[in-house]
Amino acid sequence: MTTDATDLAGDTYEKLLALLDERGAAYRVIEHAPEGATEAVSALRGHTLDRAAKCIIAMVKIGKKEKRFALVVVPGDRRVDLAAVKALYGGTYVSFASPEIAEELAGSPSGTVLPFAFDERLELLVDPGLLEHPEFFFNAARLDRSLALSTEDYRAIAEPRVARVSAA
């Protein structure tokens, strides 16, 4: 990650905390060893995988000329169902966005993508399975810091489109 990407991730982290504080969200900051893999960071944070937000940016082609980007958030014990994402958009093709595009849209490096869409080019799609617990966990635009966030506050602030977008 370049210095610019590091600066961008720091800005994204500060933007997230400012938004949560402004809206009175219930959250906790958890500091841990640097880790981006869902299984490993969930163990560091001390919770089950189904309470972790796995955040992936997908690119969907709609016809020959239009493409859309979706920030797809699923429970950590599941995988993104690209066919379901494609169907939601009526797309002709779907794939994971390239790492460069994903980092630009997310404002943070891979492994630290937030379950919030701060870029207007991203639509936020959240699998209902993530919303079953009173709080969930995610890396907060940094490999060494995570948040535990109230699910109710998350839904009110992020206003995600909720749809089944995960598979076992």
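Just above, that's the structure.
The text that follows walks through the structure, step by step, so that each part is easy to find. Worth saying up front: this structure is predicted, and the values here are computed from it rather than measured. (Residues numbered from 1 in each chain as written. Predicted model: local features only at pLDDT ≥ 70, side-chain atom pairs only at ≥ 80, totals over all residues. Heavy atoms only, no water.)

**A few points about the overall build of the chain**
Thought 1: Looking only at helices and strands, one finds five helices and 10 strands in the chain.
Thought 2: Against the compact-globule benchmark of 15 Å for 168 residues, the chain has a radius of gyration of 15 Å, which places it among compact chains.
Thought 3: Counting the 168 residues in the chain, one finds 48% classified as buried.
Thought 4: Counting contacts in the chain only where the partners sit at least 6 residues apart, residues at least 24 apart contribute 70% of the total.
Thought 5: For the chain, the computed accessible surface area is about 8300 Å², with 50% contributed by carbon and sulfur atoms.
Thought 6: Within the chain, the 26 negative side-chain charges are centred at a point lying 8 Å from the centre of the 20 positive side-chain charges. (Helix = DSSP H or I, 4+ residues; strand = E, 2+ residues; numbered from the N terminus. Rg over C-alpha atoms; globule rule 2.2 N^0.38 Å. Buried < 20%, exposed > 50% of the residue type's maximum accessible area, 1.4 Å probe, protein only. Contact = heavy atoms within 4.5 Å. Areas by Shrake-Rupley, 256 points an atom, 1.4 Å probe, with all protein chains shown as cover. Lys, Arg positive; Asp, Glu negative; His and termini not counted. Charge placed at Lys NZ, Arg CZ, Asp CG, Glu CD.)

**Here's the deal with helix α4 (residues 99-106)**
Thought 1: Ala102, Leu105 and Ala106 are the residues of α4 that are buried. One side of α4 carries all its buried residues, which in axial view fall inside an arc of 90 degrees.
Thought 2: A positive phi of about 75 degrees marks Gly107, the residue just after α4. (Arc of directions from axis to C-beta.)

**Things to note about the pattern of salt bridges**
Thought 1: Counting across every chain of the model gives nine salt bridges.
Thought 2: Where Arg28 meets Glu135, a salt bridge forms, and the shortest distance between an N and an O atom there is 2.6 Å. One end of the pair, Arg28, is in strand β1 (residues 27-31); the other, Glu135, is in strand β7 (residues 135-142), with 107 residues separating them in the sequence. (Salt bridge = Lys/Arg side-chain N within 4 Å of Asp/Glu carboxyl O.)

**Digging into the side chain of Arg145**
Thought 1: Secondary-structure assignment places Arg145 in strand β8 (residues 145-150).
Thought 2: Polar side-chain contacts of Arg145 include one of 3.3 Å to the side chain of Tyr13.
Thought 3: Once residues within four sequence positions are removed from consideration, Arg145 is found in contact with Tyr13, Val29, Ile30, Glu31, His32, Asn139 and Ala140. (Polar contact = N/O pair within 3.5 Å; in protein donor to acceptor, adjacent residues only side chain to side chain.)

**Topic: the sheet that holds β8**
Pairing between the strands of a sheet comes from backbone hydrogen bonds, and it takes one of two forms, parallel or antiparallel.
Thought 1: The strand order across the open sheet built from three strands is β1-β8-β7, with neighbouring strands paired in antiparallel fashion. Both edges of this open sheet fall to β1 and β7, since each of them pairs with a single strand only. Strand-to-strand, the axes of this sheet are offset by a mean angle of 25 degrees, without reference to chain direction.
Thought 2: Sheet topology note: the β1/β8 ladder contains five bridges and is antiparallel. If you follow Arg28 over to β8, its bridge partner there is Ala148.
Thought 3: Sheet contacts for helix α2 (residues 38-45): β1, β7 and β8; angle to β7, the most-contacted strand, approximately 110 degrees.
Thought 4: In this fold helix α5 (residues 151-158) packs onto β7 and β8, with an angle of close to 90 degrees to the strand it touches most, β8. (Pairing = 2+ DSSP bridges. Axes fitted to C-alpha atoms, helices over the stretch in contact; angles between N-to-C directions.)

This is a description of form; function is not addressed.
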